[in-house]
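Chain and residue survey
Chain by chain, the residues run as shown.
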Amino acid sequence: MASRSAPPSMGLSTLFLLILSSSFCPSRSLHYDAIFSFGDSLSDTGNVRVAGLPYGMTFFRRPTGRCSNGRLVIDFIAEAVGLPLLPPSAAKGKNFRRGANFAYTAATALDFGFFNRRGLGSKLWVNSSLSSQVRSFEKMMPSLCSSTQACKAHLSRSLFIVGEFGGNDYNTAIFAGRSMAEVNSYVPKVMRAIKLGVERLIGHGAVDIVVPGMLPIGCFPLYLTLYGSSNKNDYTDIGCLRKYNDFAEHHNSFLQRVIYGLQRKYSWTRIRYADYYSPTLRFASNPTKYGFTGGALKACCGAGGSSKYNVNLDKVCAKPGSSVCKDPSTYVSWDGSHLTETAYSLIADGWLRGPYAKPSIMQWS
Ligand SMILES: *[C@@H]1O[C@H](CO)[C@@H](O)[C@H](O)[C@H]1NC(C)=O
């Protein structure tokens, strides 16, 4: 009754409360103890160090093992939640209490045996599958927490990012000239591997989990160079290879069903899909809107600048004969198969604040 007689002050105090609650009760995601990341070259922060400068030229000013000119999505997430950039899990003498990155460039969801049985064993660059990354995490656990209870508590306050996985499983077969029918048959197996990996982490106490999907590989300058076609119908309206984008969409919608199933099964967790695909496709549809004046389908670093895509397999980025564009921030693609720091920062923003992860990372469901 009293409040009715004083609507203006009520409005003010409500406003004041809102301000108070937003400054003093930040979303719980700001209180992550740690981040644990699993994946491939989209998130490797130094487990595999193959590429020299100009990799790393923009932010770190030295090559760090990241497959970009600067930071990756995982780096922007760590920054946003106030944690240090994740040390690679293989780094010596590091303290991993605040997180570790188990991602390996060229890693696959499936194990070596899967590829070996299909005559593709020699095509793998590294022996790092999702299950082997989870095993490394399990080996590290005793150094992170001292009892089952302590581990559950620590891990329940940590953010787990599982992926992207699948891209290398598929391109191992695609680059070896296998049919799309064969590649398609891998999808349920990749899904099962991702599901098992996530479930093992939940078993150890993971609660907050982000599972990224695939990029639109049909828009990658590398794919466009390797699989160019004289048939206009093979391309989408924005010039990407339809077949490969359709495939990535298939993987992604399957993955979203798997995640939905996991969320229902483990109701106390928060598992969400994170979308690399939609924002990257948006960059390609409307590059100038995002400042990508160099274009969306041309690599910043590579060779054959006069060609449409700036990819030459004999002169890939950082190899003799390659060169780097003047301003990487105006390109979506860094080297033909990985994105620039600018593209990653925009994607990270969509995961942190929406709409490319639901609920977004900064928002508690
Ligand atoms: C991976 O492991 C298998 C079997 O253990 C081995 O034959 C293969 O050479 C390894 N591949 C790489 C790239 O290390």
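Residues numbered from 1 in each chain as written. Predicted model: local features only at pLDDT ≥ 70, side-chain atom pairs only at ≥ 80, totals over all residues. Heavy atoms only, no water.

Quick note on the threshold: UniProt positions are given in the numbering used here, feature names are shortened, and annotations may be inferred rather than shown by experiment.
Where an unreviewed UniProt entry is consulted, the protein chain appears under the name (wild Malaysian banana) hypothetical protein, with the organism given as Musa acuminata subsp. malaccensis. What UniProt states about the protein chain under its Sequence similarities (unreviewed entry) heading is, verbatim, "Belongs to the 'GDSL' lipolytic enzyme family."

1. Details of the overall build of the protein chain
Basically, it comes down to this: Note on conventions: DSSP H or I runs of at least 4 residues are helices, E runs of at least 2 residues are strands, and numbering of each starts at the N terminus. Here the radius of gyration uses the C-alpha set of atoms, whereas the globule reference equals 2.2 Å times the residue count to the power 0.38. Accessibility here uses a 1.4 Å probe with only protein chains present; expressed as a share of the type maximum, an area under 20% marks a residue as buried, one over 50% as exposed, and anything in between as partly exposed. Whether two residues touch is decided by their heavy atoms; if any such pair falls within 4.5 Å, the residues are in contact.
Within the protein chain, the secondary structure is distributed over twelve helices and nine strands. In terms of C-alpha radius of gyration, the protein chain reaches 22 Å, essentially the compact-globule figure of 21 Å for 365 residues. By its C-alpha atoms, the protein chain is 75 × 50 × 40 Å across when sized along the principal axes. Per-residue burial for the protein chain yields a buried fraction of 53% across its 365 residues. For the protein chain, the share of sequence-separated contacts (at least 6 apart) that also reach a separation of at least 24 residues comes to 70%.

2. A word on the packing of helix α3 (residues 73-80) against helix α12 (residues 341-353)
We apply this condition: To obtain an axis, a line is fitted to C-alpha atoms, over the contacting stretch when the element is a helix, and the angle between two such axes runs from 0 to 180 degrees between their N-to-C directions. Small angles under 35 degrees read as roughly parallel and large ones over 145 as roughly antiparallel, with 65 to 115 read as roughly perpendicular and the rest as oblique. The sense of a crossing depends on the near helix, which, turned anticlockwise from the far helix by less than a right angle, makes the crossing left-handed and, turned clockwise, makes it right-handed. Three classes are used: nonpolar for Ala, Val, Leu, Ile, Met, Phe, Trp, Tyr, Cys and Pro, charged for Asp, Glu, Lys and Arg, and polar for all others, with Gly counted as polar.
It is at 8 Å that the axes of α3 and α12 come closest, and there the two elements cross at 50°. Of the possible angle classes, the one that applies to α3 and α12 is oblique. Where α3 crosses over α12, the two elements pack in a sense that is right-handed. Across from Val73, Phe76, Ile77 and Ala80 in α3, the residues of α12 making contact are Glu341, Tyr344, Ser345, Ile347, Ala348, Trp351, Leu352 and Arg353. For the contact of α3 with α12, a count of residues per class yields nine nonpolar, one polar and two charged.

3. Remarks on α3
Among the eight residues of α3, six are classified as buried, and the element is accordingly described as predominantly covered. For α3, every residue scored as buried is listed here: Val73, Ile74, Asp75, Phe76, Ile77 and Ala78. Where α3 is buried, its residues touch β1 (34-38), β2 (99-101), β3 (158-162) and α12.

4. What to know about the state of the cysteines
Two cysteines joined by a covalent bond between their sulfur atoms form a disulfide. Convention followed: In what follows, a disulfide is any cysteine sulfur pair within 2.5 Å.
A full pass over the atoms with the stated rule returns four disulfides. In this model, Cys145 is linked to Cys151 through a disulfide, with the two sulfur atoms separated by 2.0 Å. Note on the Cys145 and Cys151 pair: the S-S dihedral is about 95°, so by sign convention the disulfide is right-handed. You can call Cys145 buried: its relative accessible area is 8%. The buried category is assigned to Cys151, whose relative accessible area is 8%. Between Cys301 and Cys317 runs a disulfide, and the two sulfur atoms are separated by 2.1 Å. Classification of the bridge connecting Cys301 and Cys317 rests on its S-S torsion, roughly 90°, and on that basis the disulfide is right-handed. Of the two residues, Cys301 sits in strand β7 (residues 301-302) while Cys317 sits in the loop between β7 and β8 (323-324), which places them 16 residues apart along the sequence. An identical accessibility class is assigned to Cys301 and Cys317; each is buried.

5. Some thoughts on the sheet that holds strand β4 (residues 208-212)
Operational definition: Strand pairing follows a simple DSSP-based rule, namely that at least 2 bridges must link the two strands.
Strands sit in the order β2-β1-β3-β4-β5 across an open sheet of five strands; the sheet is parallel. Each of the sheet's edge strands pairs with one partner strand only, and the pair in question is β2 and β5 (270-274). On average, each strand axis in the sheet is tilted by 15° relative to the strand beside it, whichever way the strands run. Direction of pairing for β4 relative to β5: parallel, over a ladder of five bridges. Looking across to β5, one finds that Asp208 is bridged to Arg270. Running over the sheet, α3 touches β1, β2 and β3 and is turned about 170° from β1.

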